[in-house]
Amino acid sequence: MSTTKQLLTSVQVARFVVQGFLRLDGVVPQDLNDEAIATLSTGIPEVPYGTPMAKAFSEDSFIPRLLALPAVAGALESLVGPDPTVDHHAVHIREPHEGSAQDLHGDAIIDVRPDAFDVQLMYYPHEVTPDMGGTLSVPGSHLRRVNETDIGRVQNLRGQTRLTCPAGTVVLVHHGIWHSGRRNDTARRRYMYKIRFNPTVPQVRLWDTSDLRDPAVTAELDTSFPWYEQATARLEIHNRVLLWRALTGDDSFDIDYWVTRVSNRPALRSHA
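Quantities reported herein were computed from a predicted structural model and do not represent experimental measurements.

## Describing the packing of aromatic side chains
Stage number 1. This structure, assessed with the given rule, holds seven aromatic pairs.
Stage number 2. Look at phenylalanine 16 and phenylalanine 117: their rings are 5.5 Å apart centre to centre, the planes differ by 35°, and that puts the pair in the tilted class. In this pair, phenylalanine 16 sits in helix H1 (residues 10-19) while phenylalanine 117 sits in the loop between strand S4 (105-106) and strand S5 (119-124), placing the two residues 101 residues apart along the sequence.
Stage number 3. With 5.3 Å between their ring centres and 40° between their planes, tryptophan 178 and tryptophan 227 make a pair best called tilted. Here the residue tryptophan 178 occupies a position in strand S9 (residues 178-181), and tryptophan 227 occupies one in the loop between helix H6 (215-221) and helix H7 (233-248), the gap between them amounting to 49 residues.
Stage number 4. Over the ring of tryptophan 258 we find arginine 261; its NZ or CZ atom is 5.2 Å from the centre of that ring.

Structure follows, in structure tokens:
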């Protein structure tokens, strides 16, 4: 198996900026999935906030091997850079016929950085079927700040996704995405393991930028979602452009002049 990191393309990073998540379906081999399930059943020791990723987990654990998989390592480096630190990690278990679900919510409302973000890795070591209570998320919600469960009264939004996936799937999400764990209606436990990563370097052009000028990049960044309101959707485009400018270091990038026109402040000229 190749050990070369598989960096993301500009189109993939633009899609992450728009959707707030990136799926890597079935990238973890089955033997590692089996080991992970056994480990998750017994629990994993806590990791102090800010521990470097390379020092956070025991070498005999499945976690370093999970993070070293080329697709996972490359995607993480493309989004948060090399040598991130661990914010926290957690094992999430949905019991059989649990009968309840999480409210829709967004994490970390106090985190309002417009030019940086943390990434949460969500790992599903077994197949998640429609009735197993897969994680529900709302594409394109991550740049709209909400106060955690203030959106919990919302039951459904057009275009929301309820995760179904093959065993060994990893999903990387922006820390602000709206999401919830759904009810497990099967006779089997559902496992999900989560790690939140903090960048330690500026998140500027960390991916394979060879396609940076591809028109498909702008097409991705101009995507809309069914739950957007007609007027407020313009703010979503505006916020995406600001984030893309920060990630690329290109302060001239724009879509339909949404940022250019509202940041236009001609310098005052002295009159002779």
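## As for the pairing of S5
Stage number 1. Across the six residues of S5, six count as buried, placing the element largely inside the fold.
Stage number 2. Residues Val119, Leu121 and Tyr123 point to one face of S5 and Gln120, Met122 and Tyr124 to the other, with burial holding for every one of them.
Stage number 3. With six bridges connecting them, S5 and strand S8 (residues 169-174) associate as antiparallel partners. Note that in S8 the partner of valine 119 across the bridge is histidine 174.
Stage number 4. In the sheet, S5 pairs with strand S10 (residues 190-198) via five bridges, with the strands oriented antiparallel. Looking across to S10, one finds that leucine 121 is bridged to isoleucine 195.

Scoring rules and cut-offs
- Residues numbered from 1 in each chain as written.
- Predicted model: local features only at pLDDT ≥ 70, side-chain atom pairs only at ≥ 80, totals over all residues.
- Heavy atoms only, no water.
- Phe/Tyr/Trp six-rings, centres within 6.5 Å; stacked < 30°, edge-to-face > 60°.
- Helix = DSSP H or I, 4+ residues; strand = E, 2+ residues; numbered from the N terminus.
- Lys NZ or Arg CZ within 6 Å of the ring centre and 35° of its normal.
- Buried < 20%, exposed > 50% of the residue type's maximum accessible area, 1.4 Å probe, protein only.
- Pairing = 2+ DSSP bridges.

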